[in-house]
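# Observations on the three-dimensional arrangement
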Amino acid sequence: DPVLRSIIGLPCYRVTVLDPDNKLSIARKLVDEGLGQFCLSRQTINVGMSGTVIISYCESPDRFWVQLTKNSGELDEMMESLNSPERVAKQQPIPFSALFSGVACCVSYDEDGRFYRGEITKATASEVSVLYADYGNSTVVAPSSVLQLSHPFVALPVQALQCQLDGAEQARGAAAVWSESAIQLFADHCSTEEFNILFGPQVSPGVYKVTLSSNA
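Predicted, not measured: the structure shown is a model, and the values here were computed from it. (Residues numbered from 1 in each chain as written. Predicted model: local features only at pLDDT ≥ 70, side-chain atom pairs only at ≥ 80, totals over all residues. Heavy atoms only, no water.)

## Here we look at the overall build of the protein chain
Across its full length, the protein chain carries six helices and nine strands. Here the protein chain holds 216 residues, and the buried ones make up 40% of them. Look at the contacts in the protein chain between residues 6 or more apart in sequence, and 59% of them connect residues 24 or more apart. Per element, the accessible surface of the protein chain, about 12100 Å² overall, is 54% carbon and sulfur. (Helix = DSSP H or I, 4+ residues; strand = E, 2+ residues; numbered from the N terminus. Buried < 20%, exposed > 50% of the residue type's maximum accessible area, 1.4 Å probe, protein only. Contact = heavy atoms within 4.5 Å. Areas by Shrake-Rupley, 256 points an atom, 1.4 Å probe, with all protein chains shown as cover.)

## Details of the sheet that holds strand β3 (residues 104-108)
Hydrogen bonds between backbone atoms are what pair the strands of a sheet, whose relative direction is either parallel or antiparallel. Taken together, four strands build an open sheet; the order of strands is β3-β4-β5-β6 and the sheet is antiparallel. Whereas interior strands pair on both sides, the edge strands pair on one side only; in this sheet they are β3 and β6 (138-141). This sheet shows a mean twist of 45° between the axes of neighbouring strands, independent of strand direction. Summarising the sheet, strand β5 (residues 128-132) and β6 pair through four bridges and their orientation is antiparallel. Across the sheet, residue Val 128 finds its bridge partner in β6, namely Val 141. (Pairing = 2+ DSSP bridges. Axes fitted to C-alpha atoms, helices over the stretch in contact; angles between N-to-C directions.)

## Considering helix α3 (residues 72-82)
All of the buried residues along α3 are Leu 75, Met 78, Met 79 and Leu 82. Down the axis of α3, the smallest arc covering the buried residues is 100°, so these residues share one side. Structural note: α3 exposes Glu 77 and Glu 80 on the side pointing more than 90 degrees away from its buried face. (Arc of directions from axis to C-beta.)

## A look at the side chain of Asn 83
Its place among the elements puts Asn 83 in the loop between α3 and α4 (85-89). A distance of 3.0 Å separates a polar side-chain atom of Asn 83 from the backbone oxygen of Met 79. (Polar contact = N/O pair within 3.5 Å; in protein donor to acceptor, adjacent residues only side chain to side chain.)

## Some words on the sheet that holds strand β1 (residues 50-60)
Pairing is mixed around the closed barrel formed by five strands, whose spatial order is β1-β2-β7-β9-β8. Across this sheet, the average inter-strand angle for adjacent strands is 50°, counted without regard to direction.

## A closer look at the pattern of salt bridges
The tally for this structure, following the rule as stated, stands at four salt bridges. One salt bridge in this structure joins Glu 80 and Arg 114, with 3.9 Å as the shortest N-O distance. Of this pair, Glu 80 sits in helix α3 while Arg 114 sits in the loop between β3 and β4 (115-123), placing them 34 residues apart in sequence. Among the ionic pairs, Arg 117 bridges to Asp 134, the shortest N-O distance being 2.7 Å. Note that Arg 117 is positioned in strand β4 and Asp 134 in the loop between β5 and β6, a separation of 17 residues in sequence. Comparing Arg 117 with Asp 134, the two get one shared label, buried. (Salt bridge = Lys/Arg side-chain N within 4 Å of Asp/Glu carboxyl O.)

Taken by themselves, the reported measurements are silent on function.
Next comes the structure, spelled out in structure tokens:
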């Protein structure tokens, strides 16, 4: 499983262990009792797969995140449920002892005050780095602000797919980083439309080389 490999660095498999008495998943029982946490699954993306996307977050032409528009309805529905008053009123922080890289969580976004699914990328005694799993941007919060993500909200795989534009390395040339003007030009273009996408091979685990074309 790629999520578990990213945590422990070894080949491994995701399995379900059942309680012999009531047939519930042991992992589910641990989470329900506050003794364990979930990890988010990934979408299956194959070389040659195509579709329509929006760019949810952009740092540069060789580091940006997309969402497949075919999943937008499921994402919107999950977000509405995640931010329902009943659910928000019951939120609990993840115990500090369970704050590990790769653990799924729920964190707020300062700009709109809404809650989003997250994935812990780093944790210390004073702060936790979290990736907004369905969008691609990140935040740093206090450990007490990292909230538990219950079972219904981990069913939908991570929606943000990290990408690198095919040909971006050649376009950048010998420069170590992209110029601010090049980044801004790419970001302005990407924020206004949907794109047709063609997925190529992974350039590193979870990072896809892609070709984009206008869907206008």
